[in-house]
Amino acid sequence: MEQFVGYLTIFLLAVFVGFEVITRIPPLLHTPLMSGSNAISGITIIGAVLSLHLENSILIKVLGVIAVAAATINVVGGFVVTHRMLGMFKKKD
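With an unreviewed UniProt entry as reference, the chain is termed proton-translocating NAD(P)(+) transhydrogenase, source organism Leptospira perolatii. According to the UniProt record, the Subcellular location (unreviewed entry) comment for the chain reads "Cell inner membrane". We quote the UniProt Function (unreviewed entry) comment for the chain here in full: "The transhydrogenation between NADH and NADP is coupled to respiration and ATP hydrolysis and functions as a proton pump across the membrane."

As structure tokens, then:
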């Protein structure tokens, strides 16, 4: 139970810090930062998958699945936004 409280604390702190950072960024910078966040989300996915593999607690596994899903959505969204951003710089026929 003590280990779960530690993991839950880290998870909640990550959610809070992420929300605070994103809400304080001006809208003009969202597109470049979204493409840059792919690397951070990739690290999150690796950490969540490792925690899913190493832990036997069902609550840890649920939080790991949520982390993998949220980070995957962020990575896919980052690639979509980056693709659209790069499309703005292509020459028009």
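Structure's up, so let's keep going.
Participant: Got a sec to walk through the packing of helix α1 (residues 2-23) against helix α3 (residues 58-87)? Specific residues and values, please.
Facilitator: At a closest axis distance of 10 Å, the pairing of α1 and α3 adopts a crossing angle of 20°. Considered as vectors, α1 and α3 are oriented roughly parallel to each other. Crossing handedness for the pair α1 and α3: left-handed. Each of F4, Y7, L8 and F11 in α1 lies in contact with α3, whose residues at this interface are L59, I60, L63 and I66. Considering only residue class, the contact of α1 with α3 consists of eight nonpolar, no polar and no charged.

Participant: Which residues make up the UniProt feature "transmembrane region" (unreviewed entry) in the chain, and what are the values?
Facilitator: According to UniProt, the "transmembrane region" (unreviewed entry) feature falls on residues 6-23, 35-52 and 58-82. Across residues 6-23, helical content stands at 100% and strand content at 0%; the span's end C-alpha atoms are separated by 26 Å. Helix and strand shares over residues 58-82 are 100% and 0% respectively, and the end C-alpha atoms of the span are 36 Å apart.

Scoring rules and cut-offs
Residue positions are given per chain, counted from 1 along the sequence in the order it is written. Reporting of local features is limited, given that this is a predicted model, to residues whose pLDDT is at least 70; pairs of side-chain atoms are given and counted only at 80 or more, and all residues count toward the totals for whole chains, interfaces and linings. Side-chain descriptors were evaluated using all non-hydrogen atoms of the structure, hydrogens and water having been removed beforehand. UniProt positions are given in the numbering used here, feature names are shortened, and annotations may be inferred rather than shown by experiment. Under this scheme, a helix contributes an axis fitted over its contacting stretch, all axes are lines through C-alpha atoms, and angles between N-to-C directions fall in the 0 to 180 degree range. In this text, helices come from DSSP runs of H or I with a minimum length of four residues, and strands from runs of E with a minimum of two, each type numbered from the N-terminal end. Roughly parallel covers angles under 35 degrees, roughly antiparallel covers those over 145, roughly perpendicular covers 65 to 115, and oblique covers all other angles. Crossings are assigned a handedness: left-handed for a near helix turned anticlockwise from the far helix by less than a right angle, right-handed for a clockwise turn. Contact between two residues is taken to exist if any of their heavy atoms lie within 4.5 Å; hydrogens are not considered. Think of it as three bins: nonpolar holds Ala, Val, Leu, Ile, Met, Phe, Trp, Tyr, Cys and Pro, charged holds Asp, Glu, Lys and Arg, and polar takes everything else, Gly as well.

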